[in-house]
Amino acid sequence: MRTFTKATIGFASAGILIAGLAGCSTTGTTTTPAPAASSSSSAEATPTPLASIPSLSGVDTAVLLDANFAAALTSLGLTAGTVGTATLEDGSLHFPITGGNVDYYDPAASYRPFVQGSIQHEGSGFSLTAGDTVVELTNFTIDPGTSELFGDVSVNGASAATQALLFNLYGGTLEPLKMDGDNAILTGTTVHISSVAAGLLNDTFKTDAVADQLLVGIATITAATK
């Protein structure tokens, strides 16, 4: 585990799909996010997707940490660190994309959610430490249908939760798709602490200062299209 303190705290068809990777909800704001869309699909027979990426690989999901989030950690006496293959570069945490798949359906039809699949980030995450207590949040999975991010939680090396809902994603400030060679890039999705994660952190660190929907930062998803 590497400790950090400074700034502590996605193609024709491919471009459409990356929009799903960045979070489908576009009505939320950075302060009062709208509820995530339902993950249940229509009772109708599954239609053929307009586009599909059956196997995702590379590159990463990065989160530019919000200054208020960093200040909140400092006020709680928490030190943040990277875990596994995660890195900290210029104030952004980077989590490599290790697998997953995405299907995109006609949004004008009734089938919901119109973006389905998962984006996996196995073997990376970040930690929060206070005294002898170390909490690690790892193995993130993004559900583009619900705009939610799940992950594993451990406390001092012991599992506390497996694929719990840790963060909500809102695309109200999403910027237009950009391309860098064969990589598609989308930035602007805001990342917020879920009520589940807030409760876990407050219980572990004996505080009530970690607020539900606290803004963590702005996400940038870079996905290889070939």
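Residues numbered from 1 in each chain as written. Predicted model: local features only at pLDDT ≥ 70, side-chain atom pairs only at ≥ 80, totals over all residues. Heavy atoms only, no water.

## Details of the nonpolar core
So, step 1. By size, the foremost hydrophobic cluster in this structure holds 40 residues, and its most contacted members are Phe126, Leu128, Leu137, Leu166, Phe167, Ile193 and Val216.
So, step 2. Per-element tally for this core: the top contributor is strand E11 (residues 158-170), with five residues.
So, step 3. Filtering out sequence-adjacent residues up to four positions away, phenylalanine 167 remains in contact with Phe126, Leu137, Glu148, Leu149, Val191, His192, Ile193, Ser194 and Val216. (Core = buried A, V, L, I, M, F, W, Y, C linked by side-chain atoms within 4.5 Å. Buried < 20%, exposed > 50% of the residue type's maximum accessible area, 1.4 Å probe, protein only. Helix = DSSP H or I, 4+ residues; strand = E, 2+ residues; numbered from the N terminus. Contact = heavy atoms within 4.5 Å.)

## Comments concerning the environment of histidine 192
So, step 1. Inspection of the secondary structure assignment puts histidine 192 in strand E13 (residues 183-193).
So, step 2. For histidine 192, a relative accessible area of 0% corresponds to the buried category.
So, step 3. With 24 residues separating them along the chain, histidine 192 and valine 216 place their C-alpha atoms 5.4 Å apart.

## So, helix H3 (residues 195-205)
So, step 1. Listed as buried for H3 are Ala197, Ala198, Leu201, Asn202 and Phe205. An end-on view of H3 places all buried positions within 130 degrees of arc, on one side of the element.
So, step 2. Looking at the buried positions of H3, the neighbouring elements they touch are strand E8 (115-130), strand E9 (133-143), E11 and E13.
So, step 3. Following H3 by one or two positions, lysine 206 adopts a phi angle in the positive range, close to 55 degrees. (Arc of directions from axis to C-beta.)

## Side note on helix H2 (residues 67-75)
So, step 1. What H2 keeps buried is the set Phe69, Ala70 and Leu73. Burial along H2 is one-sided: seen end-on, the buried residues are contained in an arc of 100 degrees. Opposite the buried face of H2, by more than 90 degrees, sit the exposed residues Ala67, Asn68, Thr74 and Ser75.
So, step 2. Next to the buried residues of H2 lie strand E3 (59-65), strand E4 (79-84), E8, E13 and strand E14 (215-224).
So, step 3. Two or three places before asparagine 68, at the opening of H2, aspartate 66 has a side-chain oxygen 2.9 Å from that residue's backbone nitrogen.
So, step 4. A positive backbone phi angle near 70 degrees is found at glycine 77, which sits one or two residues after H2. (Polar contact = N/O pair within 3.5 Å; in protein donor to acceptor, adjacent residues only side chain to side chain.)

## Re the pattern of salt bridges
So, step 1. Scanning the entire structure with this criterion turns up one salt bridge.
So, step 2. With a closest N to O distance of 4.0 Å, glutamate 175 and lysine 178 form a salt bridge. (Salt bridge = Lys/Arg side-chain N within 4 Å of Asp/Glu carboxyl O.)

## Observations concerning the pairing of E14
So, step 1. Of all ten residues in E14, seven are buried; the element is thus mostly enclosed.
So, step 2. As judged from the seven bridges shared by E3 and E14, these two strands associate in the antiparallel manner. What sits directly across from leucine 65, in E14, is glycine 217.
So, step 3. Inspection of the sheet shows E13 paired to E14 by nine bridges, in the antiparallel sense. Residue pairing across strands places valine 191 opposite glycine 217, the latter belonging to E14. (Pairing = 2+ DSSP bridges.)

## With respect to the confidence of the model for the protein chain
So, step 1. Per-residue pLDDT for the protein chain has a mean of 83; in total, 81% of the residues score no lower than 70.
So, step 2. Confidence drops under pLDDT 50 across residues 3-13; counting only partners more than four residues distant or on other chains, this segment forms 43 contacts.
So, step 3. With pLDDT under 50 throughout, residues 25-43 is counted as low confidence; its partners more than four residues away or in other chains account for 39 contacts. (pLDDT = per-residue confidence, 0-100.)

## Section: the packing of aromatic side chains
So, step 1. Tallied over the full model, the rule gives six aromatic pairs.
So, step 2. Ring centres of phenylalanine 95 and phenylalanine 140 lie 5.0 Å apart, and the angle between their planes is 85 degrees; this geometry places the pair in the edge-to-face category. Of this pair, phenylalanine 95 sits in strand E6 (residues 92-96) while phenylalanine 140 is found in strand E9, placing the two residues 45 residues apart along the sequence.
So, step 3. Exposure remark for phenylalanine 95: the relative accessible area of 6% places this residue in the buried category.
So, step 4. Owing to a relative accessible area of 3%, phenylalanine 140 belongs among the buried residues under this scheme.
So, step 5. Three or more aromatic residues link up through ring pairs in this structure, and these residues are Phe95, Phe126, Phe140 and Phe167. (Phe/Tyr/Trp six-rings, centres within 6.5 Å; stacked < 30°, edge-to-face > 60°.)

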